[in-house]
Structure formats: C-alpha cells, structure tokens
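This is what each chain is made of:
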Amino acid sequence: MKILCVCGLGQGTSLILRMNVEQALGEKGITADVEHIDVSAASSMDADYIFTSNELAESLQGHTGKIIIVNNYFDMTEINEAIDNNIEQ
C-alpha cells in the first residue's frame, strides 16, 4: 500500500503528518510505504491513499488515490479515526 502525506511545500507539515500516520499504522499492524510530498508533485504520483488538509484536497481532485482529510496533523485521535474510517485492514 502506498500513502502520500501532502502539504503545500512538501517539507514541514507533511513530514509531521507522515511520522504520525506511520506511528498510527504501526500501532494497528498495517504495513505501508508512506512518503511526504508537496501538492503539485503528489498530483502526478501513484498512491492508494493521500492524507492532506481540506484546503489542499481540492487541488488533488481526480487523483486515483483516495483522499483522506486531516485537519490537525498533530492530533493522533483524528489521524487514527481517519485511518479506521478509510483504510481497509
């Protein structure tokens, strides 16, 4: 499974989101290739799932991956709920 964590520039916040998504997946025993990237590069990359903010999700419409909205990249409860509600285990 391929997961992209996307922010505007692909550096700060997407890295934090990636680390938190990896932690949550690991605690659930889910194996995935998780990368952090900027929104423009993400639009041309293959992925099964894309974690991003509501503001950037519109830029990724039409992507083959399922877009998962996370409003607070630091909120592990929100990230866990997003995984539970969107990723088949």
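Structure's up top.
Residues numbered from 1 in each chain as written. Predicted model: local features only at pLDDT ≥ 70, side-chain atom pairs only at ≥ 80, totals over all residues. Heavy atoms only, no water.

Asker: Explain the overall build of the chain here, please?
Answerer: Along the chain, the regular secondary structure elements total four helices and four strands. In the chain, the succession of α and β elements from N to C terminus is β-α-β-α-β-α-β-α. What you see for the chain is a C-alpha radius of gyration of 11 Å, in line with the 12 Å of a compact globule of 89 residues. A total of 89 residues make up the chain; the buried ones form 44% of that total. Summarising the internal contacts of the chain: among those between residues at least 6 apart in sequence, 56% fall at separations of at least 24. Summed over all atoms, the accessible surface of the chain reaches about 4,800 Å², with 45% contributed by carbon and sulfur. Computed over 4 positive and 14 negative side-chain charges, the separation of the two mean positions in the chain equals 4 Å. (Helix = DSSP H or I, 4+ residues; strand = E, 2+ residues; numbered from the N terminus. Rg over C-alpha atoms; globule rule 2.2 N^0.38 Å. Buried < 20%, exposed > 50% of the residue type's maximum accessible area, 1.4 Å probe, protein only. Contact = heavy atoms within 4.5 Å. Areas by Shrake-Rupley, 256 points an atom, 1.4 Å probe, with all protein chains shown as cover. Lys, Arg positive; Asp, Glu negative; His and termini not counted. Charge placed at Lys NZ, Arg CZ, Asp CG, Glu CD.)

Asker: Sorry if this is basic, but what is going on with helix α1 (residues 12–27) here?
Answerer: Along an α-helix, residues three or four apart share an orientation, since each turn contains 3.6 residues. The end-to-end C-alpha separation of α1 is 23 Å, in line with the 22 Å expected for 16 residues at 1.5 Å each. Here α1 has its buried residues at Ser-14, Leu-17, Asn-20, Val-21, Ala-24 and Leu-25. The arc that holds the buried residues of α1, viewed along the axis, is 135 degrees, so those residues lie on one side. Residues of α1 that are exposed and angled more than 90 degrees away from the buried face: Gly-26 and Glu-27. On its buried face, α1 is in contact with β1 (2–7), β2 (33–38), β3 (49–52) and α4 (76–86). Looking one or two places after α1, you find Gly-29, whose phi comes out positive at around 75 degrees. (Expected span 1.5 Å × (residues − 1). Arc of directions from axis to C-beta.)

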